[in-house]
Each structure stands twice: as structure tokens, then as C-alpha cells.
Amino acid sequence: EMTAVTVIGKPEQQAMRNGAMGNGGSRLRELLDDKQGLLVKQTMRGCLQECMGCEAKSEFKIGPMEYVWIVDEYKVSEIAMAQPDFLYALEESSCLCRCCFRDGRSFNMQVSEGSEKGGPQLLQFIKPCSFPLNVSIPTKDGSIDCPCCCFLPKLSTSSADGTPLENESAYICDINCAVPKLQYREKGEPIYNLKPETCCCGCCIACNPCTGKGLIYLPFYFHDPKTGSIVGGSSGGNAYEGKEIPQIRKLWAGMKKECCSTADTFAVMFPQGIDAKRKAGLLGLTFLLDFTVFERQNENH
């Protein structure tokens, strides 16, 4: 008698074959099935608007990514930037919310095929209104930033026709609130915890002045939510020292983009063996990571 074995990163395939991804699912599988990773490039759309203090709609162009296209650990190669984009994402949100409640606003990130707006819609990532990560409490000597640990940002995935795909990404809070952490779930079950390498019993982000890790660049690794072990990590010594570890990493995309805008570029390197539905869910996780960690959420107001 054979027994079923559950493996991290290996979801059931039958639901995919039965059209669980709704309209556009077959095309999305064709686009994502053979991809080792994605290069998620936020555009400089609305940079003048942001210079005037108003948050602009986020716009992304998405192409293929491979480990060998990461240069010096923190830069994206020209080869990667030259790859044709096959997905386009644009935030739909209220101008009033972006101006008055930037860090807790709701939005619908609509993903379509092609490199520009107007292609067939494939997915949508829906984020409801939430608390920001930090709340500033005014005092007579200034303000104190206190972390929020309830009603935190989360994002769910739906097909183009609105069919829920039963996966979601959420920012999570625990006793080590100085370390940003997100969780990816399917049907309510945690699949991955996403966080950087830590030290001091998980209290701090690990830094290496010699390599710049934790200072110049900050990889977010996928972890098994039950054991805490890194997914796809090196088998010997430090599990985080492997060359091809699944992760989401913000990359330097050039002086113009980095210095003249708040636009970010991410390499999303998938765990081995996952299907297109989960890859799509991890794209949503990347959008939530950008929103919570890199979109000025930790600024002092």
C-alpha cells in the first residue's frame, strides 16, 4: 500500500489541469511553466507626481530572470534588462487613498499579457484596506513610531474573471518586529515564510560588511513555515551561502532609476518544481513585499 508524501514546493497538479486558474489560466501556464525566475521591474511612472508628495500608481513590467543575470550580488545585468517583457501590471486605486492613506490603501493590481497596457488580462491581485506597518504617536518631544501587529497588509489572487485562486500573501508580525516577514498561503495553509537571513536568535537582520549582504543588498529567502529551514538552501555549512537559493531580491537597476525615482527592480527566483499557479502567487508576494518593505513604509514622517 502506497502512502502520500507531502513535499514543500510541490502542489497538486490536478486542479491546474481542471482549469482552477479561471480565464487566462492556460495562457498563464504557457508563460510561466518554464521560467526559472522573473524580473519584476517597476517603471518610473508618476515620478514627478511623487516628487510633489503624492503617491503614484505602481506600474510593473515583468520578464524572465536567471541566477547568472545577477551581477556582483546586487546588480541586474544588461542581458536581463534586454529580455522581452511578457507581463504588465498596473495598480488600480483611489487617488484620495494614495494621497491620504498611502501606507494602508487598498488596490487591485491587474496583470495582463504583453509589455504594455491593453493586453489580455490574466490575473488580479487584490489588497483590501489595512493598517500601515507602523503608527506614529505624537508626543511633546516629537513622535514615536510603534509597530502595528493587527489588521496588517495582505493580498489575494484572482483570475481575470474574478475567480479566487485560493492563495494569499500576508505581512506577519511576531516578537522580532525589527525583521520584516511575509507569508504565502494556499487554501489557508502556510506554504512559505519569506524573510532575510537573521542573527541574534532572529532579532536582527544578518549583515556582512565584507560582501555587503544586509547592507547593499537584502535577499528575502523562502522558509518552511513548520521547520523554519530555508527552502533550497546549501546542505553544508551556512545554508544561506549557496549560489542558486530560491529568493526575492531587490536589485540595482542603474543610476537614473535608483536616484531619480522610488521605482524598484526585483529578481524572483522560484523554488524548484512549483507549478504556474504557485509562481503566479509568488508574483503577488513580490508586489506585497514592495508595498510593505520598499515603498517608503519605514520612512519617518
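Residues numbered from 1 in each chain as written. Predicted model: local features only at pLDDT ≥ 70, side-chain atom pairs only at ≥ 80, totals over all residues. Heavy atoms only, no water.

> Report on the packing of helix α2 (residues 25–32) against helix α7 (residues 276–294), specifying residues and quantitative values.
In the contact formed by α2 and α7, the axes pass within 9 Å of each other and the chain directions differ by 80°. For the element pair α2 / α7, the angle class is roughly perpendicular. Contacts between α2 and α7 involve L28, R29 and L32 from the first element and A276, K279 and A280 from the second. Among the residues forming the contact of α2 with α7, the class breakdown is four nonpolar, no polar and two charged. (Axes fitted to C-alpha atoms, helices over the stretch in contact; angles between N-to-C directions. Helix = DSSP H or I, 4+ residues; strand = E, 2+ residues; numbered from the N terminus. Parallel < 35°, antiparallel > 145°, perpendicular 65-115°, else oblique. Contact = heavy atoms within 4.5 Å. Nonpolar A, V, L, I, M, F, W, Y, C, P; charged D, E, K, R; others polar.)

> Can you explain the pairing of strand β2 (residues 59–64)? Please cite residues and give values.
Burial analysis of β2 places six of its six residues in the buried class, which makes it a mostly covered element. Two elements, strand β1 (residues 37–42) and β2, share five bridges in a ladder whose sense is antiparallel. From the neighbouring strand, L39 faces β2, where its bridge partner is G63. Note that β2 and strand β5 (residues 87–92) share four bridges and pair antiparallel. Paired with I62 across the bridge in β5 is L87. (Buried < 20%, exposed > 50% of the residue type's maximum accessible area, 1.4 Å probe, protein only. Pairing = 2+ DSSP bridges.)

> Hey, could you go over the confidence of the model for the protein for me, with residue numbers and the actual values?
Overall, the predicted model of the protein reaches an average pLDDT of 86, with 84% of residues at or above 70. Confidence drops under a pLDDT of 50 for residues 1–7, and excluding neighbours within four residues, the segment shows zero contacts in the predicted structure. Confidence drops under a pLDDT of 50 for residues 10–19, and excluding neighbours within four residues, the segment shows 14 contacts in the predicted structure. (pLDDT = per-residue confidence, 0-100.)

> I'd like a description of the packing of aromatic side chains, backed by residues and values.
Centre-to-centre distance and the angle between the planes together describe a pair of aromatic rings. Evaluation of the coordinates by the stated rule reveals nine aromatic pairs. Through pairs of rings, three or more aromatic residues link up here, namely F60, F125 and F287. Note that K35 overlies the ring of F86, its terminal NZ or CZ placed 4.8 Å from the centroid. (Phe/Tyr/Trp six-rings, centres within 6.5 Å; stacked < 30°, edge-to-face > 60°. Lys NZ or Arg CZ within 6 Å of the ring centre and 35° of its normal.)

> Could you give an account of the state of the cysteines, with specific residues and numbers?
Linking two cysteines covalently through their sulfur atoms gives a disulfide. If you walk through the whole model with that rule in mind, you get one disulfide. For C97, which is in no disulfide, the shortest distance to another cysteine sulfur is to C129 and amounts to 5.8 Å. Taking relative accessible area as the criterion, C97 reaches 24% and is therefore assigned partly exposed. Looking at C201, it has no disulfide partner, and the nearest cysteine sulfur is the one in C203, 6.3 Å off. Exposure remark for C201: the relative accessible area of 81% places this residue in the exposed category. (Disulfide = S-S within 2.5 Å.)

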